[in-house]
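Coordinate analysis (summary)
One-letter residues, chain by chain:
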Amino acid sequence: MKTIVAPSLLSCDFGRIKEEAEFLNESDAQWFHLDVMDGVFVPNISFGLPIIEAFRKHTEKTLDVHAMIARPDDFIADFKAAGADVLTVHYEACPHLNRTIDAIKKAGMKAGVALNPHTPVSALSDIIQDVDMVLIMSVNPGFGGQKFIPHTYNKVRYLKSLIDQVGKPTLIEVDGGVNLEIASILVKEGVDVLVAGSTVYKSKDPKATITALGNC
Ligand code: DX5
Ligand code: ZN
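A brief look at the structure comes next. None of these values were measured; they are calculated from a predicted model.

Attention shifts here to the coordination of the zinc ion (ligand 2). Distances from the zinc ion (ligand 2) to its protein donors, His33 (NE2), Asp35 (OD), His66 (ND1) and Asp175 (OD), fall within 2.0 to 2.3 Å. Considering all six donor atoms around the zinc ion (ligand 2), angles at the metal cover 69 to 171° and the coordination shape is octahedral. The motif formed by the donor residues of the zinc ion (ligand 2), counted along the single chain, is H-x1-D-x30-H-x108-D. Remark: His66 occurs in strand β3 (residues 62-68) and His33 occurs in strand β2 (residues 31-37); sequence separation between them is 33 residues.

Here it is, written out as C-alpha cells:
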C-alpha cells in the first residue's frame, strides 16, 4: 500500500468512539483524519479537543488533525496534548504562517497547510520548503458528502511540480468528495494521502473500500 488512506471521522458514529477506532485499527487505514470546525472559519461546528483525546486512547495510528478554525495558533499546544501527530492549519486563517508552522514543529508535530478551493497553490511558493504536508481542499470546507471540484487536478499537478523543484519529501493530501475513481487519478498525479469520509463510511464494505483506496 503506497497511498496513505485517512478516513474522515466526521462520518463516523461518535456514540461508539472505541469501536470506530478499533475498526480503523484493524483496517489498512494508516491515518485517522479529524476535522475540527469552529463555526467561525467554516459555517459548521464539529468537535474539538476531547474527541481527539478519546480517539488517542484507542489507537497508535497517526492522528491527522485538520483545523478549520480561526486563530489556530492559540491551540497548538492543546492539539499536541490531545494527541495530534499531524496538525494542518488553513492558509486563509494564518496571517503569520511562517511563525505558525514553526510553532507546530517546535511542539513536536508534523506541520500541514490547507488551501481552500479558491486559494492558488502559488501562495505557498515562499513557505513550501518548510511544510511537511499540503492539504488541497477539493470541496469548500465545512461539511462531508460534497461534490469534488475538478479544478483540484490542476492544483495537484502544479503543487507536485513545486515540491519537485524544492526537492523535499512534502506530502500532498486531498480532502473532499474523493471516491475510488477520483482517487486513482489523484494518485497518478502524485497525491500521497487520500481523505475519504462518505466513500468509506457509506460503502457496503468500509474495510474493503479503505484497502481499495490504498491500492489506488
Ligand atoms: C470537509 C472535511 C472533510 C470531509 C470529507 O470540510 O474537511 O474531511 O469530512 O468528507 P467527504 O469525503 O464525505 O467529502
Ligand atoms: Zn478534512
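Another point: unusual backbone geometry. A positive phi angle, close to 55°, is found at Arg71, a residue other than glycine. Tracing the backbone through its elements, the reader meets Arg71 in the loop between β3 and α3 (76-82). Accessibility expressed as a relative area gives 52% for Arg71, which makes it exposed.

A few words now on the sheet that holds strand β6 (residues 133-137). As summarised here, the arrangement of the eight strands in space is β1-β8-β7-β6-β5-β4-β3-β2, forming an open sheet in which the pairing is parallel. Of all the strands in the sheet, just β1 (4-7) and β2 have a single pairing partner and so form its edges. Across the sheet, the mean angle from the axis of one strand to that of its neighbour is 20°, orientation sign disregarded. Both β1 and strand β8 (residues 193-196) contribute to a ladder of four bridges, which runs parallel. For Pro7, the partnering residue across the bridge sits in β8 and is Ala196. Packed on one face of the sheet, helix α4 (residues 97-106) meets β4 (86-90) and β5 (110-115) and runs near 145° to β5.

For the rest of this paragraph, the subject is helix α1 (residues 17-26). All buried positions along α1 are accounted for by Ile17, Glu20, Ala21, Phe23 and Leu24. Projected onto a plane normal to the axis of α1, the buried residues spread over an arc of 155° and lie on a single side.

What follows deals with the site of ligand 1. Every one of the 20 residues lining ligand 1 counts as a neighbour, but Asp35, Gly142, Asp175, Gly197 and Ser198 are closest to it. With respect to ligand 1, the side chain of His66 contributes an N or O atom lying 3.3 Å from an oxygen atom. Across the complex, the protein chains shield 99% of the 380 Å² of accessible surface that ligand 1 would expose by itself. Where the shell around ligand 1 is concerned, the elements lending two or more residues are β2, β3 and β8.

By the criterion of burial, strand β7 (residues 171-175) is predominantly enclosed, with four of the five residues buried. Pairing of β6 with β7 involves five bridges; the strand directions are parallel. By the bridge assignment for β7, Ile136 is matched with Val174. Read as a crossover between parallel neighbours, the route from β6 over helix α5 (residues 152-166) to β7 is right-handed. Tracing the backbone out of β7, into helix α6 (residues 180-188) and back to the parallel element β8 gives a crossover that is right-handed.

Interaxial distance between α1 and helix α2 (residues 49-56) falls to 9 Å at its minimum, and their mutual angle equals 55°. Between α1 and α2, the angle falls in the class oblique. Considering the relative orientation of α1 and α2, their crossing is right-handed. For the pair α1 and α2, contact is made by Ile17, Glu20 and Ala21 and by Ile51, Ala54 and Phe55, respectively. Here the contact of α1 with α2 is composed, by residue class, of five nonpolar, no polar and one charged.

This part covers the pattern of salt bridges. This model, assessed by the stated rule, comprises eight salt bridges. In this structure, Lys207 and Glu26 form a salt bridge, with 3.3 Å as the shortest nitrogen-oxygen distance. One end of the pair, Lys207, is in helix α8 (residues 206-214); the other, Glu26, is in helix α1, and 181 residues separate them in sequence. For Lys207, a relative accessible area of 30% corresponds to the partly exposed category. Residues Lys106 and Asp102 are paired through a salt bridge, measuring 2.7 Å at the closest nitrogen-oxygen approach. Here Asp102 and Lys106 lie together in helix α4, a separation of four residues that amounts to about one turn. Of the residues examined, Lys106 reaches a relative accessible area of 68% and is grouped as exposed. The class of Asp102 is partly exposed, set by a relative accessible area of 34%.

Rules used throughout
- Residues numbered from 1 in each chain as written.
- Chains lettered and ligands numbered in written order.
- Predicted model: local features only at pLDDT ≥ 70, side-chain atom pairs only at ≥ 80, totals over all residues.
- Heavy atoms only, no water.
- Donors = N, O, S within 2.8 Å, 3.2 Å for Na, K, Ca; no water.
- Tetrahedral: all angles 85-135°; square planar, octahedral: opposite > 155°, others 65-115°.
- Helix = DSSP H or I, 4+ residues; strand = E, 2+ residues; numbered from the N terminus.
- Buried < 20%, exposed > 50% of the residue type's maximum accessible area, 1.4 Å probe, protein only.
- Pairing = 2+ DSSP bridges.
- Axes fitted to C-alpha atoms, helices over the stretch in contact; angles between N-to-C directions.
- Contact = heavy atoms within 4.5 Å.
- Arc of directions from axis to C-beta.
- Near = heavy atom within 4 Å.
- Polar contact = N/O pair within 3.5 Å; in protein donor to acceptor, adjacent residues only side chain to side chain.
- Areas by Shrake-Rupley, 256 points an atom, 1.4 Å probe, with all protein chains shown as cover.
- Right-handed = clockwise from strand over helix to strand, strands pointing away.
- Parallel < 35°, antiparallel > 145°, perpendicular 65-115°, else oblique.
- Left-handed = near helix turned anticlockwise from the far one by under 90°.
- Nonpolar A, V, L, I, M, F, W, Y, C, P; charged D, E, K, R; others polar.
- Salt bridge = Lys/Arg side-chain N within 4 Å of Asp/Glu carboxyl O.

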